[in-house]
Amino acid sequence: MEKTKESGFTFLELILVLGVLSIMTAIILPIGDRWIQTASEEDALQAFIAAVHNLQAYSMANYVGTSLEFKDSGREYITSYLKKGEGRIEIVRNVFPDGMRLVSTSQMKAVDFHANGDIVRTGTMALLTSSGLIEIRFQFQRGRMIIYE
């Protein structure tokens, strides 16, 4: 009779490895979710700022008054321009990621540009994110923005 060499894992070793993987997963998943949420909010903030700059450029290029307004409790914003005889025509509609919105007590609730590209009203707009409050200050002339976090 010939002896054979058997190799493999015992049931106890498999349970131990699965236990360690479960613990590592329980630790890593919340960290990954927060990282993804923060990254998507940063992307949304950059898209919002780009939308404001594009809106101002649209005003100057087409010599029309434009507006950025919030809907859905500050989670969604819509850019539009005023066309004589037809009213407001929508340009773009965007939605912030979950957990990000315009604060209801924000000083500014809309951004408007004259046909020459000058901002109608200056002030501060506050956005709430999972990381905290972000303030965007719109200053005089040509839509200059300063972002405070």
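Residues numbered from 1 in each chain as written. Predicted model: local features only at pLDDT ≥ 70, side-chain atom pairs only at ≥ 80, totals over all residues. Heavy atoms only, no water.

Asks: Honestly, the UniProt feature "transmembrane region" (unreviewed entry) in the chain in this entry has me stumped. Any pointers?
Replies: Those residues carrying the UniProt feature "transmembrane region" (unreviewed entry) are residues 12-32 in this numbering. Taken as a whole, residues 12-32 contains 100% helix and 0% strand, while its terminal C-alpha atoms sit 30 Å from one another. (UniProt positions renumbered as here; feature names shortened; annotations may be inferred. Helix = DSSP H or I, 4+ residues; strand = E, 2+ residues; numbered from the N terminus.)

Asks: Please explain the sheet that holds strand S5 (residues 110-113) as it appears in this structure.
Replies: The strands making up a sheet are joined through hydrogen bonds of the backbone, oriented either antiparallel or parallel. With antiparallel pairing, the 4 strands of this open sheet are ordered in space as S3-S2-S1-S5. Every other strand in the sheet has two partners, leaving strand S3 (87-95) and S5 as the edge strands with one partner each. Put simply, the sheet's adjacent strands are angled 20° from each other on average, direction ignored. Looking at chain direction, strand S2 (residues 76-83) and S3 are connected through 8 bridges and run antiparallel. Across the sheet, Tyr81 pairs through a bridge with Ile89, a residue of S3. Where helix H1 (residues 11-62) meets the sheet, its contacts fall on strand S1 (66-71), S2, S3 and S5, and the angle it forms with S1 comes to roughly 150°. (Pairing = 2+ DSSP bridges. Axes fitted to C-alpha atoms, helices over the stretch in contact; angles between N-to-C directions. Contact = heavy atoms within 4.5 Å.)

Asks: What is the right way to read H1 from this model?
Replies: Quick reminder: α-helices carry 3.6 residues per turn. Residues three or four places apart thus point the same way. Here H1 contains 52 residues, and its C-alpha end-to-end distance of 73 Å stays within 8% of the 76 Å for a straight helix at 1.5 Å per residue. Those residues of H1 lying buried are Glu41, Ala44, Leu45, Phe48, Ile49, Ala51, Val52, Leu55, Gln56 and Ser59. At the C-terminal side of H1, Tyr63 shows a positive phi close to 50°. (Expected span 1.5 Å × (residues − 1). Buried < 20%, exposed > 50% of the residue type's maximum accessible area, 1.4 Å probe, protein only.)

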